[in-house]
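# Structure assessment
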Amino acid sequence: MYQNKNMKVLILVLVMAAAMVQESKGHPCGSTFFSALVQLIPCRSAVAPFSPIPPTESCCASVKALGQPCLCVLVNGPPISGVDRTMAMQLPEKCTANFEPCEMAK
C-alpha cells in the first residue's frame, strides 16, 4: 500500500515536471500541459489498456476542445499510468474530430 502511494506521487511529480519542461520550450500547449491532461479525464475508460469501451460524448467534446497539437503533446509526452497510447492516438478518428490523428514520436 505504501509503495503504491509512493508510485502515484512519483507519477504526479513526473507529469508536473514534464509540464514545466514543455512550458520552457515555448510549445503552444506548454502553459496548459497539466490542464490538458486533466481535461482528458473523461477519456480515461476509452484509453485504458485492453479497453473495449468507445469514447463517451464528454470524452469527444474534450478531445475536440483540446485540439490536435495539445492531444499530440500528451500522446507523445511522458508515459501516463493507465493510458494506452495507441488508443489515445485513435481518439480523433473515433470522435470524428476535424483534425489529423497524432503520430507517435520515435
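In case you missed it, the structure is sitting above this.
Below or above, wherever it landed, is the structure these notes cover. Worth saying up front: this structure is predicted, and the values here are computed from it rather than measured.

## As for the overall build of the chain
Within the chain, the regular secondary structure consists of seven helices and zero strands. The buried share among the 106 residues of the chain stands at 35%. Contacts spanning at least 24 positions in sequence make up 58% of the contacts within the chain whose residues lie at least 6 apart.

## Some remarks on the side chain of S62
Positionally, S62 belongs in helix α4 (residues 57-66). When its relative accessible area of 10% is taken as the criterion, S62 is described as buried. A polar contact of 3.2 Å, which involves the side chain of S62, links it to the backbone oxygen of Q39.

## With respect to the nonpolar core
Among the nonpolar cores identified, the biggest contains 20 residues, and L40, V63, L66, L71 and L91 are the most heavily contacted of them. Elements represented by at least two residues in this core include exactly α2 (33-39), α3 (44-47), α4, α5 (68-76) and α6 (85-89). With five residues, α5 is the largest single contributor of residues to this core. Setting aside residues up to four positions removed in sequence, L66 forms contacts with A36, Q39, L40, L71 and L74.

## What to know about unusual backbone geometry
Although it is not a glycine, T96 sits at a positive phi angle of roughly 45°. For T96, the location among the structural elements is in the segment after α7 (91-94).

## Remarks on the state of the cysteines
Inspection of the entire model under this criterion finds two disulfides. With a sulfur-sulfur separation of 2.0 Å, C43 is cross-linked through a disulfide to C59. Of note, the bridge from C43 to C59 carries an S-S torsion of about 105° and is right-handed in sense. Of this pair, C43 sits in the loop between α2 and α3 while C59 sits in helix α4, and the two are 16 residues apart along the sequence. Here C60 is linked by a disulfide to C95, with a sulfur-sulfur distance of 2.2 Å. Residues C60 and C95 are joined through a disulfide that is left-handed, its torsion about the S-S bond being -75°.

## With respect to α4
Within α4, the full set of buried residues consists of C59, C60, S62, V63 and L66. The buried residues of α4 occupy an angular sector of 160° when the element is viewed end-on, so they sit on one face. Seen from the open side of α4, the exposed residues pointing more than 90 degrees away from its buried face are E57 and A65. Downstream of α4 by one or two residues, G67 has phi in the positive range, about 90°.

What counts, and at which threshold
Residues numbered from 1 in each chain as written. Predicted model: local features only at pLDDT ≥ 70, side-chain atom pairs only at ≥ 80, totals over all residues. Heavy atoms only, no water. Helix = DSSP H or I, 4+ residues; strand = E, 2+ residues; numbered from the N terminus. Buried < 20%, exposed > 50% of the residue type's maximum accessible area, 1.4 Å probe, protein only. Contact = heavy atoms within 4.5 Å. Polar contact = N/O pair within 3.5 Å; in protein donor to acceptor, adjacent residues only side chain to side chain. Core = buried A, V, L, I, M, F, W, Y, C linked by side-chain atoms within 4.5 Å. Disulfide = S-S within 2.5 Å. Arc of directions from axis to C-beta.

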